Amino acid sequence: MSSRVAVMSIIVENTNAVEQINTILHENGSYIIGRMGLPYRERHINIICIALDAPQDVISALSGKIGALTGVSVKTAYSSKVYPD
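For every chain, the first residue of its written sequence is number 1, and the numbers climb from 1 along that sequence. At least 70 in pLDDT is required for a residue's local features to be given in this predicted model, at least 80 for side-chain atom pairs to be given and counted, and no such filter applies to totals for whole chains, interfaces and linings, which use all residues. The side-chain numbers reported here are obtained from all heavy atoms of the structure, hydrogens and water having been left aside.

A. How the structure looks around the nonpolar core. The criterion is simple. A nonpolar core is a set of buried Ala, Val, Leu, Ile, Met, Phe, Trp, Tyr and Cys residues joined through side-chain atoms within 4.5 Å. Exposure categories follow from relative accessible area, calculated using a 1.4 Å probe and restricted to protein chains: below 20% of the type maximum is buried, above 50% is exposed, and the middle band is partly exposed. Judged by nonpolar contacts, the single largest core of 19 residues is most densely connected at Met-8, Ile-10, Ile-21, Ile-50, Leu-62, Ile-66 and Val-72. Listing elements by their share of this core, those giving two or more residues are strand 1 (3–12), helix 1 (18–27), strand 3 (45–54), helix 2 (56–67) and strand 4 (72–83). Apart from the residues within four sequence positions on either side, Ile-66 is in contact with Met-8, Ile-10, Ile-21, Ile-24, Leu-25, Val-72 and Val-74. We count a stretch as a helix when DSSP gives it H or I for four or more residues in a row; a strand needs E for two or more, and each element gets its number in order from the N terminus. We call two residues in contact when some of their heavy atoms are within 4.5 Å.

B. Quick look at the pairing of strand 2 (residues 32–40). Relative to strand 3, strand 2 is paired through 8 bridges, and the arrangement is antiparallel. Residue pairing for strand 3: Ile-32 is matched across the bridge by Leu-52. DSSP calls a pair of strands paired once it identifies at least 2 bridges connecting them.

C. Region of interest: the pairing of strand 3. Judged from the 9 bridges that link them, strand 1 and strand 3 form a sheet pairing that is antiparallel. For Met-8, the partnering residue across the bridge sits in strand 3 and is Ile-50. Once strand 2 ends, the chain turns through 4 residues before running back antiparallel as strand 3, passing His-44 with a positive phi of about 60°.

What follows is the structure in structure tokens.
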């Protein structure tokens, strides 16, 4: 299956969702290239950036699962190049 490189940006306004996010990311850990998390204490939010190399449907499903959590926003940017497996 072909894969794409993508960057997923996550804004967490509901800190109760952090454990669920970490569980979802752990389940997809084999696709994660890198991850950076920033607590923005002044605004009481967390910012998470994930770099992925995965099939399109995996990236979309991951974004959907995380975005469905209450108080969590997700945006994903995809590379235009598709890599064969």
